[in-house]
Amino acid sequence: MPRVLVVEDEKKLLASLKKGLEQDGYEVITAATGEEGYYSATTEKMDGLILDLMLPGRDGMQVLNDLRSVGFSQPVLILTAKDSVEDRVSGLDGGADDYLVKPFAFAELLARLRALLRRDTTGRELMLRVADLEMDLIARRVVRDGEEIEVSQREFELLAYFLRHVNAVVTRDMLARDVWQEPMGVLTNVIDVYVGLLRKKVERPGLRQLIHTVRGVGYVVRDSP
Ligand code: CA
């Protein structure tokens with residue numbers, strides 16, 4: 001049973017998070033202040049930490065910095081009421097793995113937490129999945145509908161990128177920058193060719209379409225039809 005620490009000073013929210021997480025099969029430790037949270041995080045065994053930023057005393061960001069500086073390596077999901085881009089970026093720079101802006105849907109929290117706990121403690125993801133397709137990032141295998149698919153190195157990276165952005169539009173500029181790491185200018189056709197090759201491999205007849213074209217913009221991989 002995965003074990004998580006939740007640090008949150010709003011009593012009602014803390015109680016409902018604990019209850020909901022337990023119903024979803026987690027063992028939950030709670031703390032209501034930054035000091036308590038830091039203490040539990042450094043003395044108890046756990047698989048992940050859910051950390052509110054606005055806490056009395058030592059605030060969440062300070063707790064996170066202190067924990068990372070003593071080698072705390074478990075994934076951290078930040079809860080924040082602040083909705084500005086700077087806060088999000090500084091949260092992630094400060095050693096958080098993901099964040100949720102309050103108010104959030106509990107289902108969203110469960111999904112984010114599951115994704116974080118799939119990574120190992122070095123922060124590496126082990127598996128990516130969408131619909132009936134899964135990628136084992138360590139063994140570098142792609143399996144769809146139970147059958148292994150042979151892909152090239154570039155196709156593998158491209159598919160992994162799509163699976164990290166499920167249901168979000170991926171532009172050709174993003175692909176040029178993040179997958180090819182080259183300026184867009186020379187790549188427009190190359191990108192389309194690779195996406196075409198990848199589609200042929202992962203969307204064999206009888207399987208549903210995963211990679212959709214967004215005309216004039218790029219692509220989107222959808223997890224449902
Ligand atoms: Ca708070």
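Calculation criteria
- Residues numbered from 1 in each chain as written.
- Predicted model: local features only at pLDDT ≥ 70, side-chain atom pairs only at ≥ 80, totals over all residues.
- Heavy atoms only, no water.
- Pairing = 2+ DSSP bridges.
- Helix = DSSP H or I, 4+ residues; strand = E, 2+ residues; numbered from the N terminus.
- Axes fitted to C-alpha atoms, helices over the stretch in contact; angles between N-to-C directions.
- Phe/Tyr/Trp six-rings, centres within 6.5 Å; stacked < 30°, edge-to-face > 60°.
- Buried < 20%, exposed > 50% of the residue type's maximum accessible area, 1.4 Å probe, protein only.
- Lys NZ or Arg CZ within 6 Å of the ring centre and 35° of its normal.

> Any chance you could explain the sheet that holds strand β9 (residues 147-149) here in plain terms?
Note: strands within a sheet are paired through backbone hydrogen bonds, in either parallel or antiparallel orientation. Across the sheet, which stays open at both edges, the four strands sit in the order β6-β7-β8-β9 with antiparallel pairing between neighbours. Where the open sheet ends on each side, the last strands, each with one partner, are β6 (127-130) and β9. Shown here is a sheet whose adjacent strand axes are inclined to one another by a mean of 25°, direction ignored. In this structure, strand β8 (residues 141-144) lies alongside β9, joined through three bridges in antiparallel fashion.

> Help me understand the packing of aromatic side chains, please; the structure alone is not making it clear to me.
To describe a pair of aromatic rings, you give the distance between the ring centres and the angle between the ring planes. One pass over the structure, following the stated rule, counts two aromatic pairs. With a centroid separation of 6.0 Å and an interplanar angle of 80°, the aromatic rings of phenylalanine 162 and tyrosine 219 are classed as edge-to-face. In this pair, phenylalanine 162 is assigned in helix α6 (residues 153-163) and tyrosine 219 in strand β12 (residues 218-221), connecting sequence segments 57 residues apart. In this structure, phenylalanine 162 and tyrosine 219 share a single accessibility class: buried. For the ring pair tryptophan 180 and tyrosine 194, a centre distance of 5.5 Å and an interplane angle of 70° mean the geometry is edge-to-face. Here tryptophan 180 is found in helix α7 (residues 172-180), whereas its partner tyrosine 194 is found in helix α8 (residues 188-202), with 14 residues between them in sequence. Of the residues examined, tryptophan 180 reaches a relative accessible area of 6% and is grouped as buried. Directly above the aromatic system of tyrosine 38 lies the positively charged group of arginine 58, at a separation of 4.4 Å from the ring centroid.

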